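Analysis of the macromolecular model
Single-letter residue listing:
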Amino acid sequence: MAETANPEKGNRKVEVFDTEEDLAVSLAKYTADLSDKICQERGAFTVVLSGGSLINSLRKLVEPPYVDSIEWGKWHVFWVDERVVPKDHEDSNYKLAYDGFLSKVPIVPGNVYAINDALSAEGAADDYETCLKHLVKNGIIALSSVSGYPKFDLMLLGMGPDGHLASLFPGHPLVNEKEKWVTFIKDSPKPPPERITFTFPVINSSAYNAMVIAGAAEATAVHLALGDAKNSDKLPVELLSAEGELKFFLDKAAASKL
Ligand SMILES: O=C(O)[C@H](O)[C@@H](O)[C@H](O)[C@H](O)COP(=O)(O)O
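On a predicted model such as this, the values are computed, not experimentally measured, just so you know. Sequence positions are assigned chain by chain, starting from 1 and proceeding in written order. Totals for whole chains, interfaces and linings use every residue, but because this is a predicted model, local features are given only for residues with pLDDT of at least 70 and side-chain atom pairs only at 80 or more, for both listing and counting. In computing side-chain values, all of the structure's heavy atoms are included and hydrogens and water are not.

Some words on the confidence of the model for the chain
How sure the predictor is of each residue is captured by pLDDT, a score from 0 to 100. With 98% of its residues at a pLDDT of 70 or more, the chain has an overall mean of 95. In the predicted complex, the global pTM is 0.96; the interface-specific ipTM is 0.95.

A closer look at the site of the ligand
Whether a residue is near a molecule or strand depends on its heavy atoms: if one lies within 4 Å, it is near. Around the ligand, a shell composed of 15 residues is seen, among which S53, D81, R83, H164 and K190 lie nearest. In this structure, G51 approaches the ligand through a main-chain N or O atom, which is 2.7 Å from an oxygen atom. Residues adjacent in sequence count toward polar contacts only when both atoms are side-chain atoms; beyond that, a polar contact is any pair of N or O atoms within 3.5 Å, and within protein one must be able to donate a hydrogen and the other to accept it. The contact in question runs from an oxygen atom of the ligand to an N or O atom on the side chain of R83, over 2.7 Å. Only Asp, Glu, Lys and Arg are considered charged in this grouping, and only Ala, Val, Leu, Ile, Met, Phe, Trp, Tyr, Cys and Pro are considered nonpolar; every other residue, Gly among them, is considered polar. Residue classes in the shell around the ligand are distributed as two nonpolar, eight polar and five charged.

Some thoughts on the state of the cysteines
Note on terminology: disulfide denotes any pair of cysteine sulfur atoms within 2.5 Å. Applying the stated criterion across every chain, the model contains zero disulfides. Here C39 is not disulfide-linked; the sulfur of C131 is the nearest cysteine sulfur, at 19 Å. Think of it in three bands: residues with accessible area under 20% of the maximum for their type are buried, residues over 50% are exposed, and the middle band is partly exposed, with areas taken using a 1.4 Å probe on protein chains only. Judged by relative accessible area, which is 22%, C131 ranks as partly exposed.

Quick look at the side chain of H172
On the secondary structure map, H172 appears in the loop between β8 (154-158) and β9 (182-185). In this analysis, two residues are considered to be in contact whenever any of their non-hydrogen atoms come within 4.5 Å of each other. When sequence neighbours within four positions are dropped, the list of residues in contact with H172 reads I185 and D187. Helix and strand labels come from DSSP, where a helix needs a run of H or I of at least four residues and a strand needs a run of E of at least two; each type is numbered from the N terminus.

Focus: the nonpolar core
What we call a nonpolar core is a set of buried Ala, Val, Leu, Ile, Met, Phe, Trp, Tyr and Cys residues that are connected through their side-chain atoms within 4.5 Å. With 87 residues, the main nonpolar core has L49, F101 and F198 as its most contacted residues. Tallying contributions element by element places helix α1 (residues 20-42) first for this core, with eight residues. Filtering out sequence-adjacent residues up to four positions away, L49 remains in contact with L54, I55, L58, V77, F78, W79, V80, D81, A97, F101 and L156.

Overview of the sheet that holds strand β10 (residues 195-198)
Taken together, three strands build an open sheet; the order of strands is β5-β10-β9 and the sheet is antiparallel. Edge positions in the sheet fall to β5 (81-83) and β9, since each has one partner strand and no second. Between one strand axis and the next, the sheet turns by 20° as a mean value, whatever way the strands run. Of the pairings in the sheet, the one linking β5 to β10 comprises three bridges and is antiparallel in character. Of the residues in β10, the one forming a bridge with R83 is R195. Running at roughly 165° to β9, helix α5 (residues 121-137) makes contact with β9 and β10 of the sheet. Pairs of strands are assigned from DSSP output, requiring at least two bridges between the strands. Lines fitted to C-alpha atoms define the axes, with helix axes restricted to the stretch in contact, and inter-axis angles between N-to-C directions lie between 0 and 180 degrees.

Comments concerning the side chain of E82
Mapped onto the secondary structure, E82 falls in strand β5. Positive: Lys, Arg. Negative: Asp, Glu. His and the chain ends are not part of the count. By salt bridge we mean one thing: a side-chain nitrogen of Lys or Arg within 4 Å of a carboxyl oxygen of Asp or Glu. Within the buried set, E82 has no salt-bridge partner at all; the shortest N-O distance to an opposite charge, 5.2 Å, is to R83. Among the polar contacts made by the side chain of E82, one reaches the main-chain amide nitrogen of N93 at a distance of 2.7 Å. Only 2.8 Å separates the side chain of E82 from the backbone nitrogen of Y94, close enough to count as a polar contact. Excluding its chain neighbours within four sequence positions, the residues that come into contact with E82 are S92, N93, Y94, I115, E194, R195 and I196.

Rendered as structure tokens:
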């Protein structure tokens, strides 16, 4: 059973699950409930995926009851970061999501916004930002009246053991990018080195952000993000917020240092 840990603050919620399996069950229900609510409110549901272990944690969404009940035709799918490799490359976050999730549900292919893999990192980031601007203009993506940045309905995020999220790494100047919606990195410490990534203002303007973390390797960064430690050099995960709700889904191992 899930239990609520202490470090809840403002609109930040934290839930700790006995196992990653329990976490996956709860994440599917959370996503499906938000899909129902937001499809009704806006007629579209903009969902942002990350790479890494997140896609495996979404596995319950492609099973009954959700596979049949979700209004997949109203989903619009984006990536919070993407490796600059061909879409059929083993390192591609698009391929990871397509193989493990998107190919198993009836999302409209035209509503899946992969990067243009024929472009350089810089070109792909500009192209993705142009695509987002177009979708804001035609009302598919909302615009935050608070920040002026695009306001996605739900971002499903993962975190690395170093506390990075998206391709925003500790100590890297991209963490402070405020102008761009989408930018690029050519020296990512996590391979492959060339990626594009949403910037913090966009990530933090999201209506709902779910940060999904399982495993002991992330426990120290989880402790820094949610514990009482007062470290001066903040990890990217410590800079994460959301306009509506930020929810941490943790398994016991990830929460072991809280
Ligand atoms: O392309 C990537 O590297 C991912 O999109 C990245 O942002 C990921 O979410 C974190 O690195 C966590 O990855 P794990 O969940 O596998 O630790």
